[in-house]
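Analysis of the macromolecular model
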Amino acid sequence: MTQPTDPPQYVAEHIRTALASDRRVSELGIGVKIVGNRVQLSGVVATPDRRALVGEIVHQLLPDHEVQNDLVVQEIAEANRAERLR
Amino acid sequence: MIRIAAVGDIHMGHDSRGLWAPHLRNLAREADVLLLAGDLTRGGGVDEAEVLAEELREATVPTIAVLGNHDYHGDAATKIEELLTEVGVRVLEGNGTVVEAGGARIGIAGTKGFGGGFAGACGSDFGEPEMKAFIRHTQLLADRLQQALADLRADVRVALLHYSPIPATLQGERLEIYPFLGSYLLAEAIDRGGADLVVHGHAHGGSERGVTPAGIRVRNVAQPVIRSAYRVYCFGDGGLACDEPAGAPAPGA
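Here is a short report on the structure shown in this document. Quick caveat: nothing in here was measured; it's all calculated off a predicted structure. (Residues numbered from 1 in each chain as written. Chains lettered and ligands numbered in written order. Predicted model: local features only at pLDDT ≥ 70, side-chain atom pairs only at ≥ 80, totals over all residues. Heavy atoms only, no water.)

1. Looking at the overall build of chain B
- Within chain B, the secondary structure is distributed over eight helices and 13 strands.
- In terms of overall dimensions, chain B is globule-like: its C-alpha atoms have a radius of gyration of 17 Å, near the 18 Å expected for 253 residues.
- Along the longest, intermediate and shortest principal axes, the C-alpha atoms of chain B span 60 × 40 × 35 Å.
- When each of the 253 residues of chain B is scored for burial, the buried share is 56%.
- The long-range fraction of contacts in chain B, counting pairs at least 24 apart against all pairs at least 6 apart in sequence, stands at 72%.
- Split by element, the accessible area of chain B, about 10,000 Å² in all, is 49% carbon and sulfur.
- The positive charge centre, built from 22 side chains, and the negative charge centre, built from 33, are 3 Å apart in chain B. (Helix = DSSP H or I, 4+ residues; strand = E, 2+ residues; numbered from the N terminus. Rg over C-alpha atoms; globule rule 2.2 N^0.38 Å. Buried < 20%, exposed > 50% of the residue type's maximum accessible area, 1.4 Å probe, protein only. Contact = heavy atoms within 4.5 Å. Areas by Shrake-Rupley, 256 points an atom, 1.4 Å probe, with all protein chains shown as cover. Lys, Arg positive; Asp, Glu negative; His and termini not counted. Charge placed at Lys NZ, Arg CZ, Asp CG, Glu CD.)

Dropping the structure here:
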């Protein structure tokens, strides 16, 4: 779907669409930015495996680009907290 | 005291097996009921729902869920609902249920909800069939939610949604995508039907707290927002002060 002459904005959206529709990851919230021959990924994913897989999928789609995988893995980082409502 | 645990957007897949169950084993010490606000699977796969159901076997309190858009993506929502039902989870869509806990009745009415945007900047039931179908779907779910809330006979009433009824809990998300994150029609239905608390998910980049136009508290419990296994909301006397760690002993207890 991506043509060699496509402006980077379109290529980035093609990548985002592919990440949403690829059932291995089904990721809708990934930030994709293309700068020169680098593709920068940002956002939060649920597991380390999904972070790696998103990087692999983007590499397969844009083999001539360097993938800068800045995705963060969601952690259950905080203790459960309670809020009193009344 | 009534203690309601809630979380959404846990996005379970094969790679998340075993990550969540350990947090559910002690749940009964902290809460009377667990609410799941949709997007429970990664992409709506039956295999993913099997992992989810297995994790939920560890839940030690009554568990009520709505599905989210991810759970519909695999066109297997009915099967996912069946798998959840088999492990004791009550899945709501346009209906309600009551959980009795500690002599009190906790009423929950649930719907996935849908998008359309918020007052002053929303889609209308106008134009192409596709656009009308979009808004009418939201209106239909909102109408059913309103009726389900009105029918609840309970000490505390909770509206459980996936999509957001208000823009305040979306703050942090890009303004351009608000119409895909929720609809004011849901808030209108909740304000008319009546509730003490609204919980939703869907907006990973949003904010936890807001209120409907009529003043009902809304909480975005998407896991990337609360960054914990679940959040606990308490009603009634005794127990926790605001923002204490869940499970802390009651003062003087």
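There's more to say after this.
2. Focus: helix α1 (residues 8-21) of chain A
Residue and element names in this part refer to chain A.
- Taking 1.5 Å of rise per residue, the 14 residues of α1 would be expected to cover 20 Å, and the 20 Å separating its terminal C-alpha atoms lies within 8% of that figure.
- The complete set of buried residues in α1 reads Val11, Ala12, His14, Ile15, Ala18 and Leu19. Taken end-on, α1 shows its buried residues confined to a sector of 155°, consistent with a single buried face. Opposite its buried face, α1 presents the exposed residues Gln9 and Tyr10, each directed more than 90 degrees away.
- On its buried side, α1 packs onto β1 (31-35) and α2 (48-61). (Expected span 1.5 Å × (residues − 1). Arc of directions from axis to C-beta.)

3. Notes on the pattern of salt bridges
All names here are of chain B.
- If you walk through the whole model with that rule in mind, you get 15 salt bridges over all chains.
- In this structure, the salt-bridge partner of Glu82 is Lys79, at a minimum N-O distance of 3.9 Å. Pair noted here: Glu82 and Lys79 are both in helix α5 (residues 77-86), with a separation of three residues, about one helical turn.
- In this structure Lys79 comes out as partly exposed when scored by relative accessible area, which is 35%. (Salt bridge = Lys/Arg side-chain N within 4 Å of Asp/Glu carboxyl O.)

4. Brief notes about α5(B)
Residue and element names in this part refer to chain B.
- Those residues of α5 lying buried are Ala77, Ile80, Leu83 and Leu84. Buried residues along α5 cover an arc of 120° about the axis, so they all sit on one side. The exposed set on the far side of α5, more than 90 degrees from its buried face, consists of Thr78 and Glu86.
- Tucked into the core, α5 has its buried residues touching α3 (46-56), α4 (69-72) and β4 (90-91).

5. A closer look at the interface of chain A and chain B
- Counting residues at the interface gives 23 residues for chain A, matched by 49 residues for chain B.
- Interface area for chain A against chain B, summed over the two sides, is near 2,900 Å², with a carbon-plus-sulfur share of 45%.
- If you sort the residues of chain A by the area they bury against chain B, A:Glu83, A:Arg84 and A:Leu85 come out on top, with a joint share of 25%.
- One can count three salt bridges joining chain A with chain B.
- At the junction of chain A and chain B, the tally comes to twelve residue pairs in polar contact (both at pLDDT 80 or more).
- Only α2 and β6 (82-84) of chain A provide two or more residues apiece to the side of chain A that touches chain B.
- No other element matches the three residues that β6(A) contributes to the side of chain A that touches chain B.
- Of the residues contributing to the side of chain A that touches chain B, the split by class is nine nonpolar, four polar and ten charged.
- Pairing between β6(A) and strand β13 (residues 231-235) of chain B: three bridges, direction parallel. Paired with A:Ala82 across the two strands is B:Val232, which belongs to β13(B). (Buried area = accessible area lost by both parts, 1.4 Å probe. Polar contact = N/O pair within 3.5 Å; in protein donor to acceptor, adjacent residues only side chain to side chain. Nonpolar A, V, L, I, M, F, W, Y, C, P; charged D, E, K, R; others polar. Pairing = 2+ DSSP bridges.)

6. Section: the layout of surface pockets
- Volume-wise, the largest pocket comes out at about 1,400 Å³.
- Taken together, 47 residues form the lining of the largest pocket, with A:Leu28, A:Gly29, A:Ile30, A:Val44 and B:His204 sitting closest to its centre.
- Elements with a contribution of two residues or more to the lining of the largest pocket: α1, β1, β3 (44-45) and β5 (72-73) of chain A together with α4 and α8 (223-226) of chain B.
- In terms of residue count, the dominant contributor to the lining of the largest pocket is α1(A) (four residues).
- Here the lining of the largest pocket is composed, by residue class, of 19 nonpolar, 16 polar and twelve charged. (1 Å grid on protein atoms, 1.4 Å probe; cavity = no way out; pocket = protein on both sides within 12 Å on 5 of 7 lines; lining within 4 Å. Points joined across faces, edges and corners; volume = space filled by probe spheres on them.)

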